[in-house]
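Analysis of the macromolecular model
What follows is the residue order along each chain.
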Amino acid sequence: AQVEQLKHERDTDRKELAAVKEAKPELLGLEMPQNTGVMVTGYVDLEYRAAENASRTFDNHHFNPIFLGMLGDDLFVQAEIEYEHGGSEVELEYASLAYFLNDYVTLEGGKFIVPFGEFNERIHPSWINKFPGRPIVFDEVLPGTWSEVGAQVHGAVGLNESLGTDRPVDAEYSFYLVNGLEGAAGVSLRSLTGNHTNNDDNIAMGGRMGLRVLPWGSFGTSWYHGAYTTAGTLDLTMWGLDFAANPIEALELRGEYIATFQEVATPNTNQEDLEKKGWYLQAAYALSDAANWLSDLPGSQYLGNAEIVTRFSQADLETTSGTNNQHEIGIGFNYYLKPSLVWRLAYEKSQENYGTAKVNDDLVFAQVAYSF
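Here the residue numbers are simple positions, counted from 1 along each chain's written sequence. Thresholds applied to this predicted model are a pLDDT of at least 70 for local features of residues and 80 or more for the giving and counting of side-chain atom pairs; totals over whole chains, interfaces and linings are not thresholded and use all residues. Values shown for side chains rest on all heavy atoms present in the structure; no hydrogens or waters enter the calculation.

**A closer look at the nonpolar core**
In summary, soluble globular proteins display a tendency toward joint burial of nonpolar side chains. To qualify as a nonpolar core, a set must consist of buried Ala, Val, Leu, Ile, Met, Phe, Trp, Tyr and Cys residues joined through side-chain atoms within 4.5 Å. Each residue's exposure class comes from its accessible area (1.4 Å probe, protein chains only) as a fraction of the maximum for that residue type: buried when under 20%, exposed when over 50%, partly exposed otherwise. Residues Phe116, Tyr224, Leu236 and Met238 are the most contacted members of the largest nonpolar core, which totals 28 residues. Numbering of helices and strands starts at the N terminus; helices are DSSP runs of H or I of at least 4 residues and strands are runs of E of at least 2. Listing elements by their share of this core, those giving two or more residues are α3 (119-123), α4 (137-140), β7 (169-178), β10 (235-248), β12 (274-286) and β13 (306-319). In what follows, residue pairs with any heavy atoms lying within 4.5 Å of each other are defined as contacts. Non-local contacts of Met238, meaning those with residues more than four positions away in its chain, are made with Phe116, Val141, Leu142, Pro143, Trp146, Leu181, Leu189, Ser222, Trp223, Tyr224, Ala259 and Thr260. Listed in part, the eight residues of the second largest apolar core include Leu68, Phe76, Tyr94 and Ile113.

Structural data, given as C-alpha coordinates:
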(Lines give C-alpha, C1' and ligand atoms only; values in the text may rest on other atoms or scores of the structure.)
Protein backbone atom coordinates (compact mmCIF):
# COMPACT_ATOMS: atom_id res chain seq x y z
CA ALA A 1 0.00 0.00 0.00
CA GLN A 2 2.87 2.39 0.81
CA VAL A 3 4.52 1.63 -2.55
CA GLU A 4 1.29 2.41 -4.40
CA GLN A 5 0.92 5.64 -2.43
CA LEU A 6 4.46 6.66 -3.36
CA LYS A 7 3.77 5.94 -7.04
CA HIS A 8 0.63 8.08 -6.91
CA GLU A 9 2.43 10.96 -5.19
CA ARG A 10 5.28 10.77 -7.69
CA ASP A 11 2.88 10.93 -10.67
CA THR A 12 1.11 13.93 -9.12
CA ASP A 13 4.43 15.71 -8.58
CA ARG A 14 5.44 15.06 -12.18
CA LYS A 15 2.24 16.63 -13.50
CA GLU A 16 2.64 19.68 -11.26
CA LEU A 17 6.29 20.07 -12.28
CA ALA A 18 5.40 19.83 -15.97
CA ALA A 19 2.81 22.57 -15.54
CA VAL A 20 5.31 24.84 -13.75
CA LYS A 21 7.95 24.24 -16.43
CA GLU A 22 5.50 25.18 -19.15
CA ALA A 23 4.50 28.37 -17.36
CA LYS A 24 7.98 29.58 -16.32
CA PRO A 25 10.63 27.97 -18.56
CA GLU A 26 12.88 31.03 -18.49
CA LEU A 27 13.14 30.86 -14.68
CA LEU A 28 13.50 27.12 -14.25
CA GLY A 29 15.95 26.37 -17.05
CA LEU A 30 15.92 23.34 -19.26
CA GLU A 31 16.14 20.56 -16.64
CA MET A 32 14.90 20.12 -13.09
CA PRO A 33 15.22 17.09 -10.80
CA GLN A 34 11.92 15.30 -10.22
CA ASN A 35 10.51 14.40 -6.82
CA THR A 36 10.98 10.67 -6.33
CA GLY A 37 8.36 10.39 -3.58
CA VAL A 38 10.41 9.82 -0.43
CA MET A 39 8.40 8.80 2.64
CA VAL A 40 9.46 8.63 6.29
CA THR A 41 7.46 6.25 8.46
CA GLY A 42 8.24 3.90 11.35
CA TYR A 43 7.13 2.96 14.83
CA VAL A 44 7.88 3.66 18.50
CA ASP A 45 6.85 2.03 21.77
CA LEU A 46 7.12 2.47 25.52
CA GLU A 47 6.96 -0.55 27.83
CA TYR A 48 6.67 -1.24 31.52
CA ARG A 49 7.86 -4.68 32.64
CA ALA A 50 7.50 -6.32 36.04
CA ALA A 51 9.37 -9.64 35.86
CA GLU A 52 9.54 -12.23 38.62
CA ASN A 53 13.35 -12.47 38.50
CA ALA A 54 14.27 -8.94 37.43
CA SER A 55 13.76 -5.31 38.40
CA ARG A 56 10.63 -3.44 37.42
CA THR A 57 11.44 -0.99 34.68
CA PHE A 58 10.22 1.33 31.97
CA ASP A 59 11.81 0.76 28.57
CA ASN A 60 11.70 2.88 25.43
CA HIS A 61 12.22 -0.39 23.59
CA HIS A 62 11.98 0.84 19.99
CA PHE A 63 12.24 4.03 18.03
CA ASN A 64 12.54 2.80 14.45
CA PRO A 65 12.34 5.30 11.58
CA ILE A 66 11.74 3.72 8.18
CA PHE A 67 12.67 5.41 4.91
CA LEU A 68 10.88 4.47 1.68
CA GLY A 69 11.40 5.91 -1.77
CA MET A 70 10.62 5.38 -5.45
CA LEU A 71 13.63 5.89 -7.72
CA GLY A 72 11.97 6.02 -11.10
CA ASP A 73 9.20 3.74 -12.27
CA ASP A 74 10.71 0.39 -11.28
CA LEU A 75 13.18 0.99 -8.44
CA PHE A 76 12.21 1.06 -4.78
CA VAL A 77 14.54 1.72 -1.84
CA GLN A 78 13.81 1.00 1.82
CA ALA A 79 15.76 1.23 5.07
CA GLU A 80 15.02 0.95 8.79
CA ILE A 81 17.24 2.25 11.58
CA GLU A 82 16.65 0.59 14.92
CA TYR A 83 17.12 2.60 18.13
CA GLU A 84 16.51 0.23 21.03
CA HIS A 85 16.32 0.74 24.80
CA GLY A 86 16.42 4.52 24.75
CA GLY A 87 19.12 4.62 22.07
CA SER A 88 21.63 2.44 23.94
CA GLU A 89 21.55 0.00 20.99
CA VAL A 90 21.59 1.35 17.43
CA GLU A 91 21.60 -0.89 14.37
CA LEU A 92 20.61 -0.90 10.73
CA GLU A 93 17.68 -3.32 10.65
CA TYR A 94 17.59 -3.42 6.84
CA ALA A 95 18.54 -1.33 3.80
CA SER A 96 17.85 -2.69 0.33
CA LEU A 97 17.14 -1.75 -3.27
CA ALA A 98 14.34 -3.53 -5.13
CA TYR A 99 13.71 -3.69 -8.87
CA PHE A 100 10.17 -4.51 -10.01
CA LEU A 101 10.90 -6.71 -13.03
CA ASN A 102 7.18 -7.23 -13.66
CA ASP A 103 3.96 -7.80 -11.71
CA TYR A 104 5.17 -11.20 -10.54
CA VAL A 105 8.93 -10.85 -9.96
CA THR A 106 10.91 -8.45 -7.75
CA LEU A 107 14.70 -8.54 -7.52
CA GLU A 108 16.17 -7.23 -4.26
CA GLY A 109 19.68 -6.76 -2.91
CA GLY A 110 21.22 -5.36 0.26
CA LYS A 111 20.43 -6.10 3.88
CA PHE A 112 16.92 -7.48 4.27
CA ILE A 113 14.83 -9.31 6.85
CA VAL A 114 15.01 -13.02 6.09
CA PRO A 115 11.65 -14.28 4.76
CA PHE A 116 11.45 -17.28 7.08
CA GLY A 117 7.84 -17.75 8.15
CA GLU A 118 5.63 -14.72 8.68
CA PHE A 119 6.49 -13.46 12.17
CA ASN A 120 10.17 -12.71 11.47
CA GLU A 121 9.53 -10.70 8.31
CA ARG A 122 6.03 -9.25 8.71
CA ILE A 123 4.60 -9.52 12.23
CA HIS A 124 7.48 -8.57 14.55
CA PRO A 125 7.01 -4.72 14.67
CA SER A 126 5.55 -3.79 18.04
CA TRP A 127 2.46 -2.04 16.67
CA ILE A 128 1.59 -5.15 14.59
CA ASN A 129 2.56 -7.92 17.02
CA LYS A 130 -0.47 -8.48 19.26
CA PHE A 131 1.71 -9.26 22.32
CA PRO A 132 4.30 -6.90 23.83
CA GLY A 133 7.02 -9.54 23.39
CA ARG A 134 7.87 -12.17 20.79
CA PRO A 135 7.26 -15.92 21.24
CA ILE A 136 10.20 -17.74 22.85
CA VAL A 137 10.66 -19.80 19.66
CA PHE A 138 12.22 -16.64 18.17
CA ASP A 139 14.95 -16.43 20.79
CA GLU A 140 17.02 -19.55 20.14
CA VAL A 141 15.25 -21.72 17.56
CA LEU A 142 15.23 -18.86 15.06
CA PRO A 143 17.10 -15.70 16.15
CA GLY A 144 14.46 -13.05 15.37
CA THR A 145 14.41 -10.37 14.18
CA TRP A 146 16.84 -11.92 11.69
CA SER A 147 18.39 -9.83 8.89
CA GLU A 148 21.04 -10.87 6.36
CA VAL A 149 23.14 -9.30 3.59
CA GLY A 150 22.59 -10.83 0.17
CA ALA A 151 20.18 -10.99 -2.74
CA GLN A 152 16.73 -12.40 -3.22
CA VAL A 153 13.95 -12.81 -5.75
CA HIS A 154 10.37 -12.74 -4.52
CA GLY A 155 6.84 -12.11 -5.67
CA ALA A 156 3.37 -13.56 -6.02
CA VAL A 157 1.22 -15.07 -8.75
CA GLY A 158 -2.56 -14.74 -8.76
CA LEU A 159 -4.42 -18.03 -9.15
CA ASN A 160 -7.94 -16.60 -9.38
CA GLU A 161 -8.46 -17.23 -13.10
CA SER A 162 -6.91 -20.69 -13.01
CA LEU A 163 -9.20 -21.71 -10.13
CA GLY A 164 -12.25 -20.00 -11.62
CA THR A 165 -12.98 -17.84 -8.57
CA ASP A 166 -13.30 -14.13 -7.88
CA ARG A 167 -11.78 -14.57 -4.42
CA PRO A 168 -8.14 -13.34 -4.21
CA VAL A 169 -5.84 -16.37 -4.20
CA ASP A 170 -2.08 -15.75 -4.43
CA ALA A 171 0.89 -18.10 -4.51
CA GLU A 172 3.84 -16.33 -2.82
CA TYR A 173 7.51 -17.18 -3.16
CA SER A 174 10.92 -16.00 -1.95
CA PHE A 175 14.39 -17.41 -2.75
CA TYR A 176 17.58 -15.87 -1.38
CA LEU A 177 21.38 -16.17 -1.18
CA VAL A 178 22.96 -14.56 1.90
CA ASN A 179 26.18 -14.49 3.92
CA GLY A 180 24.39 -16.56 6.56
CA LEU A 181 24.71 -17.23 10.27
CA GLU A 182 28.29 -17.64 11.48
CA GLY A 183 30.18 -18.33 14.69
CA ALA A 184 31.76 -21.02 16.85
CA ALA A 185 30.61 -24.64 16.85
CA GLY A 186 27.62 -25.40 19.07
CA VAL A 187 27.03 -21.86 20.33
CA SER A 188 23.69 -20.11 20.81
CA LEU A 189 21.96 -19.29 17.51
CA ARG A 190 21.40 -15.70 18.61
CA SER A 191 25.18 -15.18 18.78
CA LEU A 192 25.51 -16.21 15.10
CA THR A 193 23.76 -13.14 13.66
CA GLY A 194 25.23 -9.84 12.44
CA ASN A 195 27.62 -11.10 9.74
CA HIS A 196 27.86 -8.27 7.23
CA THR A 197 30.75 -10.01 5.46
CA ASN A 198 31.19 -13.72 4.87
CA ASN A 199 34.18 -15.50 6.47
CA ASP A 200 33.33 -19.18 5.97
CA ASP A 201 33.58 -19.16 2.14
CA ASN A 202 30.10 -20.65 1.96
CA ILE A 203 27.01 -18.75 0.84
CA ALA A 204 23.81 -19.80 2.61
CA MET A 205 20.52 -20.23 0.78
CA GLY A 206 16.87 -20.46 1.63
CA GLY A 207 13.33 -19.63 0.67
CA ARG A 208 9.65 -19.62 1.48
CA MET A 209 6.60 -20.76 -0.49
CA GLY A 210 3.14 -19.71 0.58
CA LEU A 211 -0.51 -19.66 -0.40
CA ARG A 212 -2.75 -16.76 0.62
CA VAL A 213 -6.55 -16.89 0.31
CA LEU A 214 -8.24 -13.66 1.36
CA PRO A 215 -9.94 -13.19 3.72
CA TRP A 216 -9.60 -16.74 5.05
CA GLY A 217 -5.87 -16.84 5.74
CA SER A 218 -2.54 -18.21 4.55
CA PHE A 219 -0.15 -21.15 4.79
CA GLY A 220 3.59 -21.32 4.11
CA THR A 221 6.72 -23.42 4.39
CA SER A 222 10.29 -22.13 4.79
CA TRP A 223 13.83 -23.54 4.72
CA TYR A 224 17.43 -22.42 5.20
CA HIS A 225 20.79 -24.19 4.81
CA GLY A 226 24.42 -23.10 5.07
CA ALA A 227 27.73 -23.54 6.86
CA TYR A 228 27.90 -21.62 10.14
CA THR A 229 31.49 -22.07 11.38
CA THR A 230 34.40 -19.99 10.10
CA ALA A 231 36.11 -23.11 8.74
CA GLY A 232 32.94 -23.91 6.77
CA THR A 233 32.88 -27.55 7.95
CA LEU A 234 29.70 -27.52 10.09
CA ASP A 235 26.24 -26.84 8.68
CA LEU A 236 23.04 -25.33 10.00
CA THR A 237 19.67 -26.37 8.57
CA MET A 238 16.24 -24.91 9.37
CA TRP A 239 12.75 -25.62 8.15
CA GLY A 240 9.41 -24.31 9.26
CA LEU A 241 5.66 -24.12 8.75
CA ASP A 242 3.45 -21.08 9.29
CA PHE A 243 -0.27 -20.42 9.06
CA ALA A 244 -2.81 -17.68 9.66
CA ALA A 245 -6.59 -18.11 9.62
CA ASN A 246 -9.67 -15.92 9.98
CA PRO A 247 -12.59 -18.34 10.38
CA ILE A 248 -14.79 -15.36 11.26
CA GLU A 249 -14.11 -11.64 10.92
CA ALA A 250 -13.50 -11.07 14.63
CA LEU A 251 -11.15 -14.05 15.19
CA GLU A 252 -7.54 -14.38 14.04
CA LEU A 253 -5.54 -17.58 14.54
CA ARG A 254 -1.81 -17.68 13.87
CA GLY A 255 1.07 -20.06 14.49
CA GLU A 256 4.49 -21.35 13.40
CA TYR A 257 6.60 -24.46 13.87
CA ILE A 258 10.39 -24.30 13.38
CA ALA A 259 13.07 -26.99 13.61
CA THR A 260 16.81 -26.28 13.51
CA PHE A 261 19.60 -28.86 13.11
CA GLN A 262 23.04 -27.62 14.18
CA GLU A 263 26.11 -29.75 13.46
CA VAL A 264 28.66 -29.71 16.27
CA ALA A 265 31.22 -32.25 15.07
CA THR A 266 32.66 -33.42 11.77
CA PRO A 267 31.44 -36.75 10.30
CA ASN A 268 32.65 -40.07 11.74
CA THR A 269 32.57 -38.82 15.34
CA ASN A 270 30.36 -39.95 18.20
CA GLN A 271 28.93 -36.53 18.99
CA GLU A 272 25.37 -36.01 17.77
CA ASP A 273 24.06 -32.87 16.15
CA LEU A 274 22.03 -30.43 18.22
CA GLU A 275 18.32 -30.20 17.51
CA LYS A 276 16.35 -27.10 18.46
CA LYS A 277 12.63 -26.99 17.80
CA GLY A 278 9.70 -24.89 18.87
CA TRP A 279 6.29 -23.55 18.01
CA TYR A 280 3.71 -21.01 18.99
CA LEU A 281 -0.06 -20.73 18.63
CA GLN A 282 -1.92 -17.46 19.05
CA ALA A 283 -5.59 -16.46 19.01
CA ALA A 284 -6.93 -12.90 18.99
CA TYR A 285 -10.62 -12.03 19.27
CA ALA A 286 -11.94 -8.53 18.57
CA LEU A 287 -14.78 -7.42 20.85
CA SER A 288 -16.73 -5.63 18.12
CA ASP A 289 -19.51 -8.24 18.22
CA ALA A 290 -19.74 -7.88 22.00
CA ALA A 291 -20.09 -4.11 21.54
CA ASN A 292 -23.09 -4.73 19.26
CA TRP A 293 -24.69 -7.24 21.62
CA LEU A 294 -24.33 -4.87 24.60
CA SER A 295 -25.17 -1.71 22.68
CA ASP A 296 -27.87 -0.75 25.20
CA LEU A 297 -25.36 -0.58 28.07
CA PRO A 298 -23.49 2.69 28.78
CA GLY A 299 -19.90 2.61 27.55
CA SER A 300 -20.40 -0.50 25.41
CA GLN A 301 -19.23 1.41 22.32
CA TYR A 302 -15.67 1.35 23.65
CA LEU A 303 -15.55 -2.45 23.34
CA GLY A 304 -15.45 -2.03 19.57
CA ASN A 305 -11.82 -0.89 19.82
CA ALA A 306 -10.69 -3.74 22.10
CA GLU A 307 -9.50 -7.31 21.63
CA ILE A 308 -8.33 -10.15 23.83
CA VAL A 309 -5.41 -12.35 22.83
CA THR A 310 -3.82 -15.53 24.14
CA ARG A 311 -0.61 -17.25 23.08
CA PHE A 312 1.23 -20.46 23.89
CA SER A 313 4.88 -20.87 22.93
CA GLN A 314 7.37 -23.67 23.49
CA ALA A 315 11.03 -24.29 22.69
CA ASP A 316 13.01 -27.52 23.19
CA LEU A 317 16.71 -26.73 22.98
CA GLU A 318 19.56 -29.21 22.84
CA THR A 319 22.84 -27.54 23.84
CA THR A 320 26.40 -28.75 24.35
CA SER A 321 25.75 -28.70 28.13
CA GLY A 322 22.36 -30.45 28.11
CA THR A 323 18.71 -29.91 27.25
CA ASN A 324 16.80 -26.76 28.08
CA ASN A 325 13.04 -26.87 27.60
CA GLN A 326 11.05 -23.65 27.80
CA HIS A 327 7.38 -22.86 27.57
CA GLU A 328 5.16 -19.88 28.21
CA ILE A 329 1.47 -19.08 28.14
CA GLY A 330 0.15 -15.55 28.01
CA ILE A 331 -3.08 -13.61 27.96
CA GLY A 332 -3.46 -9.99 26.95
CA PHE A 333 -5.85 -7.12 26.39
CA ASN A 334 -5.36 -4.64 23.53
CA TYR A 335 -7.15 -1.32 23.09
CA TYR A 336 -6.79 0.55 19.79
CA LEU A 337 -7.07 4.29 20.31
CA LYS A 338 -6.77 4.39 16.52
CA PRO A 339 -5.56 1.78 13.99
CA SER A 340 -1.90 2.82 14.40
CA LEU A 341 -1.97 3.50 18.18
CA VAL A 342 -2.52 0.64 20.61
CA TRP A 343 -2.31 0.16 24.37
CA ARG A 344 -1.58 -3.36 25.63
CA LEU A 345 -1.65 -5.13 28.97
CA ALA A 346 -0.41 -8.74 29.13
CA TYR A 347 0.61 -11.44 31.59
CA GLU A 348 3.00 -14.25 30.63
CA LYS A 349 3.66 -17.32 32.75
CA SER A 350 7.04 -18.76 31.78
CA GLN A 351 9.03 -21.77 32.91
CA GLU A 352 12.46 -23.10 32.02
CA ASN A 353 13.64 -26.61 32.82
CA TYR A 354 17.39 -27.05 33.35
CA GLY A 355 17.64 -30.77 34.01
CA THR A 356 15.77 -31.32 37.28
CA ALA A 357 15.71 -27.67 38.39
CA LYS A 358 12.82 -25.49 37.23
CA VAL A 359 13.15 -21.74 36.85
CA ASN A 360 9.96 -19.63 36.78
CA ASP A 361 10.05 -16.17 35.26
CA ASP A 362 6.52 -14.73 35.10
CA LEU A 363 6.08 -11.31 33.57
CA VAL A 364 3.54 -8.48 33.58
CA PHE A 365 3.74 -6.25 30.51
CA ALA A 366 2.20 -2.86 29.72
CA GLN A 367 2.95 -1.23 26.37
CA VAL A 368 1.98 1.70 24.20
CA ALA A 369 2.93 1.26 20.52
CA TYR A 370 2.48 3.76 17.70
CA SER A 371 3.13 3.65 13.98
CA PHE A 372 3.80 7.01 12.35
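There is more to say after this.
**Here's the deal with the packing of aromatic side chains**
Aromatic contacts are taken between Phe, Tyr and Trp rings whose centres are within 6.5 Å, Trp giving its six-membered ring; a plane angle under 30 degrees counts as stacked, one over 60 as edge-to-face, and the others as tilted. If you walk through the whole model with that rule in mind, you get 12 aromatic pairs. Ring centres of Phe63 and Phe372 lie 6.0 Å apart, and the angle between their planes is 20°; this geometry places the pair in the stacked category. Residue Phe63 is found in strand β2 (residues 57-70), and its partner Phe372 is found in the segment after β17 (363-371); the two are separated by 309 residues along the sequence. Its relative accessible area of 32% is what places Phe372 among the partly exposed residues. Judged by centre distance (4.7 Å) and plane angle (15°), the ring pair of Phe119 and Phe138 falls under stacked. Residue Phe119 is located in helix α3, and its partner Phe138 is located in helix α4; the two are separated by 19 residues in the primary sequence. Taking the relative accessible area as the measure of exposure, Phe138 reaches 1% and is therefore buried. Here a set of aromatic residues connected by ring pairs shows up, and it is made of Phe63, Tyr83 and Phe372. By the criterion adopted, a ring carries a charge over it if an Arg CZ or a Lys NZ lies within 6 Å of its centre and within 35 degrees of its normal. In this structure, Arg167 is placed above the aromatic ring of Trp216, and the distance from its NZ or CZ to the ring centre is 4.3 Å. Directly above the aromatic system of Phe131 lies the positively charged group of Arg311, at a separation of 4.5 Å from the ring centroid.

**Section: the confidence of the model for the protein chain**
The predictor attaches a confidence to each residue, called pLDDT, with possible values from 0 through 100. Of the residues in the protein chain, 87% reach a pLDDT of 70 or more, and the chain-wide mean stands at 89. Here helix α2 (residues 25-28) is the element of the protein chain with the lowest mean pLDDT, 40, and strand β5 (residues 106-113) is the one with the highest, 98. For residues 23-33, every residue scores under 50 in pLDDT, and the model assigns this stretch five contacts once sequence neighbours within four places are set aside.

**Digging into the pairing of β2**
What makes two strands pair is DSSP finding at least two bridges between them. Here strand β1 (residues 39-51) pairs with β2 via 10 bridges, running antiparallel. Bridging from a neighbouring strand, Arg49 pairs with Thr57 of β2. Count of turn residues in the β1/β2 antiparallel hairpin: five residues. Of the pairings in the sheet, the one linking β2 to strand β3 (residues 75-84) comprises seven bridges and is antiparallel in character. Directly across from His62, in β3, lies its bridge partner Glu84.

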